[in-house]
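Working through the structure, step by step
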Amino acid sequence: MTPRIDRRHARRLALPILAVGGIALAGCGGDDDVLRVYSGRHYGIEAAFEQFTEETGIEVEFLTGNDAELRERIAAEGDETKADAYITVDAGNLAAAAEEGLFQPIESEVLSSAIPAELSDPDGLWYGLTVRARTIVYNPDEIAVDDLPTSYEELADPEWNDRVCMRNASNVYQQSLVASLIEHHGYDGALEIVEGWAANADIMGNDVLILEAVNDGLCEVGVTNHYYLAREYDENPDFDVELIWANQDDRGTHVNVSGGGITTHSSHPEDALVFLEWLATDGQQVLIGGNHEFPANPDVPPDEVLVERFGVDFVRDPLQASVFGALNPDAVRLMDEAGYG
């Protein structure tokens, strides 16, 4: 069933009902008349769900967990699932959920107006809600700005041997970056680039380790999601790492999304639609608050840290998120073939 918003219903829900608004922090399950969300996104959701309930009167229960395990759970529960909505990080996870038939199509002028087409599924199965850029970071004490690499492709050149830190192959953010290379360069072209990375890079288990290694001078440059660096500035404004936006002379910096959709067997599809529409509009600021992601809705301003420390007027790769999300299996295969750890 395609959920359609009943405007009278939406207006009623939009009235503050402060006596409701409770959020169950335990796993989902319980009575009806509660919107249940399975979330692979762990940051920013609790405050957003609380405010959503305050503003709409729709109670929310949520269950967080590993992205793949939550998808397996929704699939295993089938038409008995408790999940009304599934939200997660990375287009690869969203595309996998769509491919597995876990989402139902959404028709919503609110969502299609608020979220750019390149950040959404073309069939309306999911919508991006926040944006994260994966780009090049560096230690200004170790390398001059004029000597920096300006593209992901340059990091495959032999001159960067033992000078760069990158994320491991099992990480979905890195997989999506590689998937974007496949779309732009073809499989063989992307394979050549990733083989260069494998030869040059010190491979690490998470983005924070990469930033710490760059800060400590163990690597001259690295590749991370931008908000991890912004979080470091929150804790230490003198953290000795800066970023440059990659590929500004050609297609732009790779950007990814976190987002969500309405589950195929949702018991409350209309409330789930109100939930997604709120997250894409009135709830954008609280959803990104504290995590320093970019809002997916271009009418919502980014936070001050991003404006002041990074600059926000950079060229973004316009590649549709659903395209590189669907290429995730190819990216995983390519990284294995390239010997990228």
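The chain is annotated in an unreviewed UniProt entry as Iron(III) transport system substrate-binding protein of Ilumatobacter fluminis. In its Sequence similarities (unreviewed entry) section, the UniProt record describing the chain reads: "Belongs to the bacterial solute-binding protein 1 family."

1. A short note on the state of the cysteines
All told, the structure shown has one disulfide when counted by the stated rule. Note on cysteine connectivity: Cys 165 is disulfide-linked to Cys 219, with sulfurs 1.6 Å apart. In this pair, Cys 165 sits in strand 6 (residues 164-167) while Cys 219 sits in the loop between helix 7 (207-215) and strand 8 (221-225), placing the two residues 54 residues apart along the sequence. The exposure class of Cys 219 is buried, given its relative accessible area of 3%.

2. As for the domain arrangement of the chain
Taken domain by domain, the chain holds domain 1 (35-131 + 255-301) and domain 2 (133-254 + 321-338). One C-alpha centre belongs to domain 1, the other to domain 2, and the line joining them spans 27 Å. Domain 1 puts 21 residues into the contact, and the matching count from domain 2 is 18 residues. Roughly 1400 Å² is buried in total at the junction of domain 1 and domain 2, and carbon and sulfur atoms are behind 57% of that figure. Considering only the side of domain 1, the residues that lose the most area to domain 2 are Asp 90, Val 255 and His 292, jointly responsible for 36% of the buried surface there. Across the contact surface, domain 1 and domain 2 share zero salt bridges. The interface formed by domain 1 and domain 2 contains seven residue pairs in polar contact (both at pLDDT 80 or more). The set of elements that each furnish at least two residues to the side of domain 1 that touches domain 2 consists of helix 4 (91-99) and strand 10 (254-262). Looking at the side of domain 1 that touches domain 2, the element that brings in the most residues is helix 4, giving four residues.

3. Section: the packing of aromatic side chains
The tally for this structure, following the rule as stated, stands at twelve aromatic pairs. The interplanar angle of 70 degrees and the centroid separation of 5.2 Å between the aromatic rings of Phe 49 and Phe 62 together place this pair among those described as edge-to-face. Of this pair, Phe 49 sits in helix 2 (residues 45-56) while Phe 62 sits in strand 3 (residues 60-64), placing them 13 residues apart in sequence. Cluster of aromatic residues (ring-pair linked, three or more members): Phe 49, Phe 52, Phe 62, Phe 275 and Trp 278. Positioned above the aromatic ring of Trp 160, the side-chain terminus of Arg 163 is 4.1 Å from the ring centre. Lying across the ring of Tyr 233, Arg 309 places its NZ or CZ 3.6 Å from the centre.

Calculation notes
Residues numbered from 1 in each chain as written. Predicted model: local features only at pLDDT ≥ 70, side-chain atom pairs only at ≥ 80, totals over all residues. Heavy atoms only, no water. UniProt positions renumbered as here; feature names shortened; annotations may be inferred. Disulfide = S-S within 2.5 Å. Helix = DSSP H or I, 4+ residues; strand = E, 2+ residues; numbered from the N terminus. Buried < 20%, exposed > 50% of the residue type's maximum accessible area, 1.4 Å probe, protein only. Domains from an automatic or database assignment. Contact = heavy atoms within 4.5 Å. Buried area = accessible area lost by both parts, 1.4 Å probe. Salt bridge = Lys/Arg side-chain N within 4 Å of Asp/Glu carboxyl O. Polar contact = N/O pair within 3.5 Å; in protein donor to acceptor, adjacent residues only side chain to side chain. Phe/Tyr/Trp six-rings, centres within 6.5 Å; stacked < 30°, edge-to-face > 60°. Lys NZ or Arg CZ within 6 Å of the ring centre and 35° of its normal.

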